[in-house]
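Structural overview for review
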Amino acid sequence: MSFRGKEMMKKLVKRVGAENITPELKEKLKACVPDAKVVMGRAKRGLYAGRHIQYGNRISEDGGNKSRRCWKPNVQDKRLFSYIFDRHIKVKVTTHALRCIDKAGGIDEYLLKTPYQKMDTEMGLFWKTKVEQKYAELGQMEVAFFTPEDEAKFEQGFKDLNIAKKDARREARRKMYGRKGGEEKGEEEASIEGVVGSESHQEDDHGWLEAKA
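Residues numbered from 1 in each chain as written. Predicted model: local features only at pLDDT ≥ 70, side-chain atom pairs only at ≥ 80, totals over all residues. Heavy atoms only, no water.

Under the heading Sequence similarities (unreviewed entry), UniProt records this for the protein: "Belongs to the bacterial ribosomal protein bL28 family." (UniProt positions renumbered as here; feature names shortened; annotations may be inferred.)

Shown next as structure tokens:
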């Protein structure tokens, strides 16, 4: 392996973890890591699906003069959802890689179905190794199946829990805003009673003065 291939292998082993990689998988990775610098530098940080920088000539229409130029791939920043990890993966991908991912059925299926020989970037090899490791762990987990009656009970329990939460929120709002409303209402009633009492007192005074006259 070349110097670049050795450094790539060290990074992959360090990221995934030496204790998590089986000897068979490690030998497979060594056989698939490129020996020469066949990819562009920024391709190490994304999924390019074989699309890399290309060089050629620009030919003028008048004299047929040639000048060197390059063609760079169309790279996009995307957030792809992984069902195995249950989260989004932020990665740089080419439009060709996006079409391959859509055709495979998702980022997980694309990484599992694509052979190591076509994973020519460090990030592709890294995520492929992690997905295979997680897929193997999920395959060893025990799966429990519930009867339809149990599922109906679980659904009813969730519904009752949501109803209880809504009732608790409604009661808390009633206590918070109802008390303020009651205080304001009490103050208004007290002010109205005071006005009525003062008017009745004035009427009594007026009647007493007339009686005295």
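Glancing now at the packing of aromatic side chains. Throughout the structure, instances matching the rule amount to three aromatic pairs. Measuring from centroid to centroid gives 4.9 Å for Phe-81 and Tyr-83, while their planes differ by 85 degrees, and the two rings are edge-to-face. When the centroid spacing of 5.8 Å and the interplanar angle of 80 degrees are considered together, the rings of Phe-85 and Trp-127 count as edge-to-face. Of this pair, Phe-85 sits in the loop between β4 (75–82) and β5 (87–94) while Trp-127 sits in helix α5 (residues 122–140); the two residues are 42 residues apart in sequence, bridging distant segments of the chain. The burial state of Phe-85 is the same as that of Trp-127; both residues are buried. Each residue in the set Phe-85, Phe-126 and Trp-127 is aromatic and connected to the rest through ring pairs, giving one cluster. (Phe/Tyr/Trp six-rings, centres within 6.5 Å; stacked < 30°, edge-to-face > 60°. Helix = DSSP H or I, 4+ residues; strand = E, 2+ residues; numbered from the N terminus. Buried < 20%, exposed > 50% of the residue type's maximum accessible area, 1.4 Å probe, protein only.)

With that settled, consider the sheet that holds β4. Hydrogen bonding along the main chain pairs the strands of a sheet, whether they run parallel or antiparallel. In spatial order, the strands read β1-β5-β4; together these three strands make up an open sheet with mixed pairing. Each having just a single partner strand, β1 (46–47) and β4 make up the two edges of the open sheet. The pairing of β4 with β5 spans eight bridges and is antiparallel. Paired with Gln-76 across the two strands is Val-93, which belongs to β5. Running over the sheet, helix α3 (residues 95–104) touches β1, β4 and β5 and is turned about 130 degrees from β5. (Pairing = 2+ DSSP bridges. Contact = heavy atoms within 4.5 Å. Axes fitted to C-alpha atoms, helices over the stretch in contact; angles between N-to-C directions.)

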